[in-house]
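# Examining the three-dimensional arrangement
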Amino acid sequence: MQIKRNVQHRWTSKRLISLSVAAVLCAPGWAFADDAREAALEARIAELERLVNQLVQQQKAEPASASPQTTPASKPIMPGANPGTQFSYGGFIKLDAMLTDTSDGEIADGSAARTLYVPGAIPVGGADEGTDLDMHAQFSRFWFSADTTLDSGDKLRGYLEFDLFGGALGSEAATNTYGVTIRHAYASWNNWLAGQTWSNFQDVAALPDAVDFIGPTEGTVFSRQAQIRYTSGPWSVAMENPETLVGGFGGSPGRIASDDNTLPDVTLRYTGKHANGHFSLAGILRELSYENIASNIDDSRLGYGLSISGKQVINADNDIRYMLTGGLGIGRYLGLAAGNDAVIDADGDLDSVGMLAGFAAWRHVFSPGLRSNLYYSAAHYDNDTDLSGMGVTKRVHSLSGNLIWTVLPKLDVGVELRLANRELESGADGDLRRLQLHAKYSF
């Protein structure tokens with residue numbers, strides 16, 4: 001109906017134009033004898049009629065724009081989700097290239113220490129075999145999240161995060177294929193969290209901006225594991241998955257990963273935030289347990305630790321980040337388990353291993369696109385050599401500096417130099433020198 005009215009309106013306009021022109025032609029005093037003027041007027045009338053016809057034809061050719069349309073009802077991206085759920089996706093693609101030189105032996109091919117800095121894997125007692133180059137993209141990462149606020153005000157969240165640091169599924173000779181691995185997998189509702197994520201004993205916000213996967217590895221708490229956590233304001237408490245790393249008597253049969261615990265590791269953290277950063281204090285209480293009926297070993301001990309960490313902003317271009325952790329029987333939580341939690345004595349009982357570790361880092365911003373980080377990291381283990389033998393790690397430390405350039409928004413290129421040393425209880429030691437470059441695009 002609207003099309004018909006528009007067409008009728010334009011046809012009426014056409015007739016009115018013609019009648020008006022005719023009336024002008026018939027007005028008194030008009031010079032009909034002027035043939036040239038009459039021809040010009042007829043030409044103008046013909047042009048007006050052509051324009052009107054053109055408008056009518058255009059109107060007929062566009063019926064869709066003239067009629068109202070009904071918008072189909074929208075469907076959720078995930079039909080099984082709560083109404084109003086917001087879905088997010090992100091991650092980054094990261095290439096790492098490392099030149100590694102070790103003074104006392106070569107890091108074995110396929111070892112994780114060829115892809116990131118592992119303090120406990122620095123070779124000691126071997127021969128210098130030269131410099132090795134390794135390149136990979138295994139730390140590329142992606143994540144999904146689903147966030148919902150219910151009509152009741154309750155907040156729900158589901159989060160999944162993966163990287164490509166799984167076991168090799170192909171050789172470096174051809175496919176360089178690696179498996180997808182779980183980093184985080186948890187659900188949270190209001191103050192509660194259940195699933196796998198960073199240990200409540202770890203302060204991720206204190207870590208420096210590193211080119212390496214972790215950075216000050218030997219000096220920081222680092223663990224992701226299953227847990228149940230409750231957070232209220234600055235306080236959080238969690239019950240976390242237990243695992244005990246046990247050293248054999250006299251160093252034999254080496255390290256034992258015991259899963260004989262009956263109690264969870266309990267962690268408590270306080271984090272105070274202020275205008276210039278944050279300060280955090282965390283504690284852990286855990287059961288160390290190992291049972292081996294064949295060797296007539298069945299014993300448990302208490303482990304505990306305390307960690308102080310934080311970040312202090314000095315000004316717009318500088319900040320300091322730090323952590324200091326000490327305790328008894330917490331070896332697996334520090335330095336990617338560079339030390340044991342406990343060692344077996346001659347009677348088959350467990351003896352807890354004490355340790356102290358920490359790092360300090362300085363970050364300086366040269367310009368909005370250029371920044372650098374300098375950090376020192378160290379760990380010391382108090383082994384009873386009568387039980388552990390002389391082949392266990394006594395201490396490990398490293399000094400690192402980097403320069404990171406933001407070439408384009410979300411695209412970083414960085415270079416980092418690390419000098420590290422690992423010493424055994426015997427006094428033997430080994431050095432590691434590594435030059436690492438990365439290119440990282442976040443999305």
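Here's what I pulled together on the structure shown here. (Residues numbered from 1 in each chain as written. Predicted model: local features only at pLDDT ≥ 70, side-chain atom pairs only at ≥ 80, totals over all residues. Heavy atoms only, no water.)

### Some words on the environment of V180
The residue V180 is located in the loop between β4 (155–163) and β5 (181–189) in this model. With 15 residues separating them in the primary sequence, V180 and F165 have C-alpha atoms 6.5 Å apart. In this structure, V180 is in contact with F142, F162, D163 and L164, ignoring residues within four places of it in sequence. (Helix = DSSP H or I, 4+ residues; strand = E, 2+ residues; numbered from the N terminus. Contact = heavy atoms within 4.5 Å.)

### Notes on the sheet that holds strand β9 (residues 244–247)
Strand order in this open sheet of four strands is β10-β9-β15-β16, and the pairing throughout is mixed. Bordering the open sheet on either side are β10 (255–258) and β16 (350–352), each of which pairs with just one other strand. Taken over all neighbouring pairs, the strand axes of this sheet differ in orientation by 35° on average, direction set aside. The sheet contact formed by strand β15 (residues 342–344) and β16 spans three bridges and is antiparallel. Bridge pairing links V343 to D351 in β16. (Pairing = 2+ DSSP bridges. Axes fitted to C-alpha atoms, helices over the stretch in contact; angles between N-to-C directions.)

### Digging into the pairing of strand β2 (residues 131–136)
Burial along β2 is one-sided: D132, D134 and H136 are buried, and none of T131, L133 and M135, which face the opposite way, are. For strand β1 (residues 86–102) and β2, the ladder comprises six bridges, and the chain directions are antiparallel. Its bridge partner lying in β2, M98 is registered against D134. (Buried < 20%, exposed > 50% of the residue type's maximum accessible area, 1.4 Å probe, protein only.)

### Digging into the pattern of salt bridges
Under the counting rule described, the total for this entry stands at 19 salt bridges. For D341, the salt bridge goes to R286, with nearest N and O atoms at 3.3 Å. Pair noted here: D341 is in the loop between β14 (318–328) and β15 and R286 is in strand β12 (residues 277–292), with a separation of 55 residues, a long-range link. For D341, a relative accessible area of 0% corresponds to the buried category. Residue class for R286 comes out buried when judged on its relative accessible area of 2%. Of the charged contacts, one joins D319 and R363 as a salt bridge, the two residues approaching to 3.9 Å between their closest N and O atoms. Separated by 44 residues along the polypeptide, D319 in strand β14 and R363 in strand β17 (residues 354–367) bring together distant segments of the chain. For R363, a relative accessible area of 22% gives the class partly exposed. Ionic contacts of the salt-bridge type, sharing partners, join the residues R141, E161, D163 and R183 into one network. (Salt bridge = Lys/Arg side-chain N within 4 Å of Asp/Glu carboxyl O.)

### Brief notes about the packing of aromatic side chains
For the structure shown, the criterion picks out 14 aromatic pairs. Above the ring of Y333, the side-chain terminus of R332 is found at 4.4 Å from the ring centroid. Here K440 stacks its cationic end above the ring of F92, 4.4 Å away from the centre of that ring. (Phe/Tyr/Trp six-rings, centres within 6.5 Å; stacked < 30°, edge-to-face > 60°. Lys NZ or Arg CZ within 6 Å of the ring centre and 35° of its normal.)

### Describing the layout of surface pockets
To find the voids left in a structure, one rolls a probe of water-molecule size over its atoms. Considering only enclosed or pocket space, the largest pocket measures out at about 660 Å³ in volume. Around the largest pocket sit 24 residues that line it, and F92, R141, A210, F213 and K440 are the ones nearest its centre. If you list the elements that add at least two residues to the lining of the largest pocket, you get β1 and β21 (429–442). The element best represented in the lining of the largest pocket is β21, accounting for three residues. When its residues are assigned to classes, the lining of the largest pocket shows 13 nonpolar, two polar and nine charged. (1 Å grid on protein atoms, 1.4 Å probe; cavity = no way out; pocket = protein on both sides within 12 Å on 5 of 7 lines; lining within 4 Å. Points joined across faces, edges and corners; volume = space filled by probe spheres on them. Nonpolar A, V, L, I, M, F, W, Y, C, P; charged D, E, K, R; others polar.)

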